[in-house]
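Here's the letter readout for the chains.
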Amino acid sequence: MTELKETALAAEHEALGASFTDFGGWRMPLKYSSELEEHRAVREAAGLFDLSHMGEIRVVGPDAATFLNTALVGNLAKVEPGKAKYSLICQDDGGILDDLITYRLEEHQYLVVPNAGNREAVAGALQQRAVGFDVEIWDESEGISLIAVQGPQAQAIISSVVRMDETYLVEGLQYYAQTTVTIGGDEVLLARTGYTGEDGFELYTPHDKAGALWRALLEGGSDFGLIPCGLACRDSLRLEAGMPLYGNELSTERLPQEAGLPVVAYSKAEDFIGRAALEAAKAAGLGKTSGQRLVGLKGTGRRAARSGYPVLDEHGDQIGVVTSGVLSPTLGYPVAMAYVDIDSTEPGTTVQVDVRGKAQPFNVVPLPFYRRRAA
């Protein structure tokens with residue numbers, strides 16, 4: 001049996017009584033108290049997450065912008081230094097290899113953050129695609145820890161722990177932007193992004209500084225309702241927010257348009273990997289899987305739909321499959337995402353989900369299920 005990888009914060013999680021799970025080959029905290037308590041903390045106050053299993057790949061060089069515009073489907077050349085962009089890296093056939101966030105740290109320097117399970121595949125693909133470009137690619141994942149603070153109190157918490165003369169940097173940081181701040185005497189790359197549907201920040205630091213940063217955030221957030229949170233509530237939070245998860249909603253078997261991701265920059269000049277296939281599918285109005293599309297489903301009963309459950313039409317014929325589902329802690333009813341045939345994607349369409357042999361009623365609804373209140 002392959003030994004699971006551990007983050008630099010493993011001892012911190014054990015001291016806090018976390019229960020663990022295998023997530024993409026990593027021993028990660030599933031929860032500390034209860035999934036419901038942690039979910040509600042993020043919606044009402046704040047949660048602290050260890051995301052150090054994610055990848056960090058630095059792209060540096062005069063051709064960095066042009067290279068990334070060839071390697072990824074988005075227009076990274078238009079991203080200003082200090083900003084970030086959500087994008088995809090696709091195969092030649094248009095299938096999604098990964099979804100990722102890319103930060104433009106400086107004019108000729110980017111930080112690409114892939115999902116944990118895809119880090120090696122993305123790093124390898126970038127290396128292969130870099131041939132002929134004046135760039136260097138460094139996979140720094142083994143040396144960087146990533147910690148997130150998510151929730152309506154996130155800004156107040158981060159402001160309370162940075163150096164006093166840097167609070168303006170936190171308060172002025174826009175969504176999908178990054179800056180450098182000082183916490184406990186150490187420099188930290190601070191980004192305002194997230195995967196929960198709430199305001200939030202992600203903090204990048206070397207492994208040997210991660211423990212001190214984690215403890216500083218827990219202490220600084222104690223007056224704001226901050227608690228440590230595991231992957232269980234992170235999944236229910238992102239699902240309520242309608243955010244796709246690689247391996248569930250996204251895969252090499254799906255195209256961006258099937259997943260409802262309008263992130264492909266067809267207007268850019270570069271002949272990016274997958275462009276021909278995506279343009280052909282767009283012109284035909286089809287996807288890789290017989291023209292299905294990702295939709296939101298709202299249950300009218302109490303039983304949750306789970307990944308892999310069949311979606312049926314009124315005649316009981318299968319028209320799709322559930323990719324993620326949960327009984328929403330925030331909304332109080334079942335929600336799910338599913339791929340269904342195009343003629344069943346109109347909001348208000350009634351479908352059924354086969355929940356362990358019993359058909360349960362659901363309605364097609366727009367995503368996301370939950371939006372946070374404006375500040």
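This text gives an overview of the structure that appears in the document. Values in this document were obtained by computation on a predicted structure and should not be read as measured data. Numbering of residues starts from 1 in each chain and follows the order in which that chain's sequence is written. Two thresholds apply to this predicted model, a pLDDT of at least 70 for residue-level local features and 80 or more for giving and counting side-chain atom pairs, whereas whole-chain, interface and lining totals are computed over all residues. Where side-chain values are given, they derive from all heavy atoms of the structure, hydrogens and water being excluded.

### Focus on the overall build of the protein chain
Here's step 1: For the protein chain, the count of helices and strands is nine helices and 19 strands.
Here's step 2: For a compact globule the rule gives 2.2 Å times the number of residues to the power 0.38, and the radius of gyration it is set against comes from C-alpha atoms. Against the 2.2 N^0.38 benchmark of 21 Å for 375 residues, the protein chain shows a C-alpha radius of gyration of 21 Å, consistent with a compact globule.
Here's step 3: Its C-alpha atoms give the protein chain principal-axis dimensions of roughly 65 × 50 × 50 Å.
Here's step 4: For every residue, the accessible area (1.4 Å probe, protein chains only) is compared with the maximum for its type, and the residue is labelled buried under 20%, exposed over 50%, or partly exposed between those bounds. In the protein chain, buried positions account for 55% of the 375 residues.
Here's step 5: Intrachain contacts of the protein chain at a sequence separation of at least 6 include 65% that bridge at least 24 residues.
Here's step 6: In short, Shrake-Rupley with a 1.4 Å probe defines the accessible areas, and a residue's cover is counted only from the protein chains shown. Looking at the protein chain as shown, the accessible area adds up to about 16,000 Å², and 49% of this sits on carbon and sulfur atoms.
Here's step 7: Residues scored as positive are Lys and Arg, those scored as negative are Asp and Glu, and His as well as the terminal groups of each chain are ignored. Each charge is placed at NZ for Lys, CZ for Arg, CG for Asp and CD for Glu. A distance of 5 Å separates the average location of the 33 positive side-chain charges in the protein chain from that of its 51 negative side-chain charges. Every helix listed is a DSSP run of H or I at least four residues long, and every strand listed is a run of E at least two residues long, numbered separately from the N terminus. Contacts are assigned to residue pairs that have any heavy atoms within 4.5 Å of one another.

### A word on helix α8 (residues 231-240)
Here's step 1: In terms of burial, α8 is a largely internal element, nine of the ten residues being buried.
Here's step 2: Of all the residues in α8, the buried ones are Leu231, Ala232, Cys233, Arg234, Ser236, Leu237, Arg238, Leu239 and Glu240.
Here's step 3: Those residues of α8 that are buried are in contact with β1 (19-23), β2 (26-31), α2 (35-44), β3 (46-50), β16 (318-327) and β17 (334-341).
Here's step 4: After α8 finishes, the residue glycine 242 shows a positive phi value of roughly 70°.

### Focus on the nonpolar core
Here's step 1: The criterion is simple. A nonpolar core is a set of buried Ala, Val, Leu, Ile, Met, Phe, Trp, Tyr and Cys residues joined through side-chain atoms within 4.5 Å. With 26 residues, the main nonpolar core has Val149, Ile158, Ile183, Leu190, Leu203 and Leu217 as its most contacted residues.
Here's step 2: Listing elements by their share of this core, those giving two or more residues are β3, β9 (144-150), α5 (154-161), β10 (178-183), β11 (186-191), β12 (200-206) and α7 (207-221).
Here's step 3: If near-sequence neighbours (up to four positions away) are discounted, leucine 190 is found in contact with Ile158, Val170, Leu173, Ala177, Gln178, Thr179, Val181, Phe201, Glu202 and Leu203.
Here's step 4: Counting residues in each nonpolar core, the second largest holds 22 residues, with Ala65, Ala123, Ala130 and Val135 among its members.

### Structural notes on helix α9 (residues 275-284)
Here's step 1: Looking only at α9, the buried set comprises Arg275, Leu278 and Ala281. Buried residues of α9, viewed axially, fall in a sector of 135°; they line one side. Opposite the buried face of α9, by more than 90 degrees, sit the exposed residues Ala276 and Ala283.
Here's step 2: Once α9 ends, the next one or two residues include glycine 285, with phi positive near 70°. Relevant arc is that of directions from the helix axis to the C-beta atoms, nothing else.

### Focus: a positive patch on the surface
Here's step 1: Only residues whose relative accessible area exceeds 30% and that take part in no salt bridge are eligible for patches, with like-charged residues grouped when within 9 Å of each other and nonpolar side chains (Val, Leu, Ile, Met, Phe, Trp, Tyr) grouped when within 5 Å. Salt bridges are identified by distance alone: a Lys or Arg side-chain nitrogen within 4 Å of an Asp or Glu carboxyl oxygen. Together, Arg303, Arg306, Arg356 and Lys358 make up a region of like positive charge exposed at the surface.
Here's step 2: Relative to the helices and strands, arginine 356 is located in the loop between β18 (350-355) and β19 (358-365).
Here's step 3: Of the residues examined, arginine 356 reaches a relative accessible area of 72% and is grouped as exposed.

### A closer look at the packing of α2 against α8
Here's step 1: Lines are fitted to the C-alpha atoms to define the axes, a helix being fitted only along its stretch in contact, and any angle between axes, read from their N-to-C directions, falls within 0 to 180 degrees. Where α2 contacts α8, the axes come no closer than 8 Å and their chain directions differ by 50°. What the angle tells us is that α2 and α8 run oblique. Seen along the crossing, α2 lies across α8 with a hand that is right-handed. Between α2 and α8, the contacting residues are Glu35, Glu38, His39, Val42 and Arg43 on the first element and Ala232, Cys233, Ser236, Leu237 and Glu240 on the second.
Here's step 2: Residues are grouped as follows: Ala, Val, Leu, Ile, Met, Phe, Trp, Tyr, Cys and Pro are nonpolar; Asp, Glu, Lys and Arg are charged; all remaining types, including Gly, are polar. Class assignment for the residues of the contact of α2 with α8 results in four nonpolar, two polar and four charged. In these notes the angle categories are as follows: under 35 degrees is roughly parallel, over 145 is roughly antiparallel, 65 to 115 is roughly perpendicular, and the rest is oblique. Handedness of a helix crossing follows the sense of rotation of the near helix relative to the far helix, less than a right angle counterclockwise being left-handed and clockwise being right-handed.

### Regarding the side chain of glutamine 360
Here's step 1: Here glutamine 360 shows up in strand β19.
Here's step 2: The contacts of glutamine 360, once residues within four sequence positions are left out, are Arg303, Val351, Gln352, Val353 and Val355.

### So, the pairing of β12
Within a regular strand, the side chains alternate between the two sheet faces.
Here's step 1: Counted residue by residue, β12 has six buried out of seven residues, so it is predominantly covered.
Here's step 2: One ladder, built from seven bridges, connects β9 with β12; its direction is antiparallel. Across the sheet, the residue bridging to leucine 146 is tyrosine 204, located in β12.
Here's step 3: A strand pair is defined by DSSP finding two or more bridges across the two strands. Inspection of the sheet shows β11 paired to β12 by three bridges, in the antiparallel sense. Paired with leucine 189 across the two strands is tyrosine 204, which belongs to β12.

### Quick look at the environment of leucine 294
Here's step 1: Tracing the backbone through its elements, the reader meets leucine 294 in strand β14 (residues 292-299).
Here's step 2: Accessibility expressed as a relative area gives 13% for leucine 294, which makes it buried.
Here's step 3: When the C-alpha atoms of leucine 294 and alanine 125 are compared, they prove to be 26 Å apart, with 169 residues separating the residues in sequence.
Here's step 4: Excluding anything up to four places from it in sequence, leucine 294 contacts Glu249, Glu258, Ala259, Thr323, Met337, Ala338 and Tyr339.

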